[in-house]
Amino acid sequence: MTIADDTLTVAVRVKPGASRTRVGGRYDGPLGPALVVAVHAPAVDGRATEAARRALADALGVRPAAVSLRSGAASRDKLFLVERPHAELPEVLRRLRDGSTP
């Protein structure tokens, strides 16, 4: 998670083909500590990426249009950008990724 130029960069590990959509948990991968996003959509034609983008927006309480893919279109490890994040957003993200303990 990085804040720069009025955007928040979020590392995400997508798990396509899940029985239900779920946002939460930590994956220590190539992009550093990443938020786990499980989606029902398959990893075909960008459907899992789009489902993950929408699930991330919903979990963070922002409009889907505020979240865009920065890198990782063909990978499970992705970087998303959140435009104009509100001040509490980094803490919301931390709780989703690392649990409610500080």
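Being a predicted model, the structure only gives us computed values, none of them experimental. (Residues numbered from 1 in each chain as written. Predicted model: local features only at pLDDT ≥ 70, side-chain atom pairs only at ≥ 80, totals over all residues. Heavy atoms only, no water.)

Asker: Would you mind going over the overall build of the protein with me for this structure?
Answerer: The helix and strand tally for the protein stands at two helices and six strands. Counting helices and strands in the order they occur from the N terminus, the protein gives β-β-β-β-α-β-β-α. Against the globule reference of 13 Å for 102 residues, the protein gives a C-alpha radius of gyration of 12 Å, in line with a compact fold. Counting only residues that meet the buried cut, the protein has 40% of its 102 residues in that class. At a minimum sequence separation of 6, the contacts of the protein that also span at least 24 residues come to 50%. One finds the centroid of the 16 positive side-chain charges in the protein at a distance of 6 Å from the centroid of its 11 negative side-chain charges. (Helix = DSSP H or I, 4+ residues; strand = E, 2+ residues; numbered from the N terminus. Rg over C-alpha atoms; globule rule 2.2 N^0.38 Å. Buried < 20%, exposed > 50% of the residue type's maximum accessible area, 1.4 Å probe, protein only. Contact = heavy atoms within 4.5 Å. Lys, Arg positive; Asp, Glu negative; His and termini not counted. Charge placed at Lys NZ, Arg CZ, Asp CG, Glu CD.)

Asker: Just checking my understanding: could you explain the environment of L89 for this structure?
Answerer: Note on placement: L89 falls in helix α2 (residues 89–98). With residues up to four places along the chain from it excluded, the contact list for L89 reads L8, L60, V62 and V82.

Asker: What's the story with helix α1 (residues 47–60) in this structure? I'm lost.
Answerer: Residues that lie three or four places apart on an α-helix share one face, since the helix turns once every 3.6 residues. For α1, which comprises 14 residues, the first-to-last C-alpha distance of 20 Å matches the rise-based estimate of 20 Å (1.5 Å per residue) to within 8%. Next to the buried residues of α1 lie β2 (7–15), β3 (22–29), β4 (32–38), β5 (67–71), β6 (77–83) and α2. Of the residues trailing α1, G61 is marked for its positive phi of about 75°. (Expected span 1.5 Å × (residues − 1).)

Asker: Looking at this model, I keep getting lost on the side chain of R53. Mind explaining?
Answerer: Relative to the helices and strands, R53 is located in helix α1. In terms of polar contacts, R53 uses its side chain to reach the backbone carbonyl oxygen of P64, at 2.4 Å. For R53, the contacting residues outside a window of four places in its chain are P64, A65, V67, S68 and F80. (Polar contact = N/O pair within 3.5 Å; in protein donor to acceptor, adjacent residues only side chain to side chain.)

Asker: Can you walk me through the environment of H86 in this structure?
Answerer: One can find H86 in the loop between β6 and α2. With a relative accessible area of 33%, H86 lands in the partly exposed category. In this structure the C-alpha to C-alpha distance between H86 and G99, which are 13 residues apart in sequence, comes to 20 Å. For H86, the residues in contact, after removing those within four places along its chain, are L60 and V62.

Asker: Would you take a moment to explain a positive patch on the surface for this structure?
Answerer: The grouping of K15, R20, R22 and R76 at the surface amounts to a positive patch. By the element assignment, R22 lies in strand β3. (Patch = residues over 30% accessible without salt bridge, like charges linked within 9 Å, V, L, I, M, F, W, Y side chains within 5 Å. Areas by Shrake-Rupley, 256 points an atom, 1.4 Å probe, with all protein chains shown as cover. Salt bridge = Lys/Arg side-chain N within 4 Å of Asp/Glu carboxyl O.)

Asker: Where do I start with the nonpolar core in this structure?
Answerer: For soluble globular proteins, nonpolar side chains are generally found buried alongside one another. One finds V37, L56, L60, V62 and V82 to be the most contacted residues of the largest nonpolar core, which totals 22 residues. Listed by contribution, the elements that provide at least two residues to this core are β2, β4, α1, β6 and α2. Per-element accounting of this core gives the leading share, six residues, to α1. What V82 contacts, discounting residues up to four positions off in sequence, is D6, T7, L8, V10, L60, V62, A66, V67 and L89. (Core = buried A, V, L, I, M, F, W, Y, C linked by side-chain atoms within 4.5 Å.)

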